[in-house]
Amino acid sequence: MAHIVANKDKLLLRIKKIKGQISALEKALEDEKDCFKVLQQISAARGAITSLMAEVLDGHIKEHLGNSVSQEQREQEIANLTSLLKSFFK
């Protein structure tokens, strides 16, 4: 969790950008923009969320699977991450 606290401002800024992209997507739908513009907004929002996930995941792996954790903790973290990634990529 320390990695999240250390990068809190940066992560919150990313989330604000994602909110903006979702708002733009909502507006595109409300304004009945053509489907290509809607697809562009969906793609941009998905990319931003995936990028946020990658950044948090990188810190999580370094902190929770590093040399400072026991083998038992490492095995549990691997199981947790495997489950999480399966649901993320559905």
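To start, this report covers the structure provided alongside it. Because the structure is a prediction, the values reported are computed rather than measured.

Counted according to the given criterion, the structure contains one aromatic pair. On the basis of an interplanar angle of 80 degrees and a centroid distance of 5.2 Å, the ring pair of Phe-88 and Phe-89 is categorised as edge-to-face. Residue Phe-89 is classed as exposed on the basis of its relative accessible area of 60%.

Scanning all chains against the criterion turns up four salt bridges. Residues Arg-14 and Glu-55 are paired through a salt bridge, measuring 2.6 Å at the closest nitrogen-oxygen approach. Residue Arg-14 is found in helix H2 (residues 8–30), and its partner Glu-55 is found in helix H3 (residues 35–64); the two are separated by 41 residues along the sequence. Looking at Arg-14, the relative accessible area reads 26%, which means it is partly exposed. Connected via shared salt-bridge partners are Lys-10, Arg-14 and Glu-55.

So, how was this worked out
- Residues numbered from 1 in each chain as written.
- Predicted model: local features only at pLDDT ≥ 70, side-chain atom pairs only at ≥ 80, totals over all residues.
- Heavy atoms only, no water.
- Phe/Tyr/Trp six-rings, centres within 6.5 Å; stacked < 30°, edge-to-face > 60°.
- Buried < 20%, exposed > 50% of the residue type's maximum accessible area, 1.4 Å probe, protein only.
- Salt bridge = Lys/Arg side-chain N within 4 Å of Asp/Glu carboxyl O.
- Helix = DSSP H or I, 4+ residues; strand = E, 2+ residues; numbered from the N terminus.

Fair warning: the whole summary comes from geometry, so function is off the table for now.
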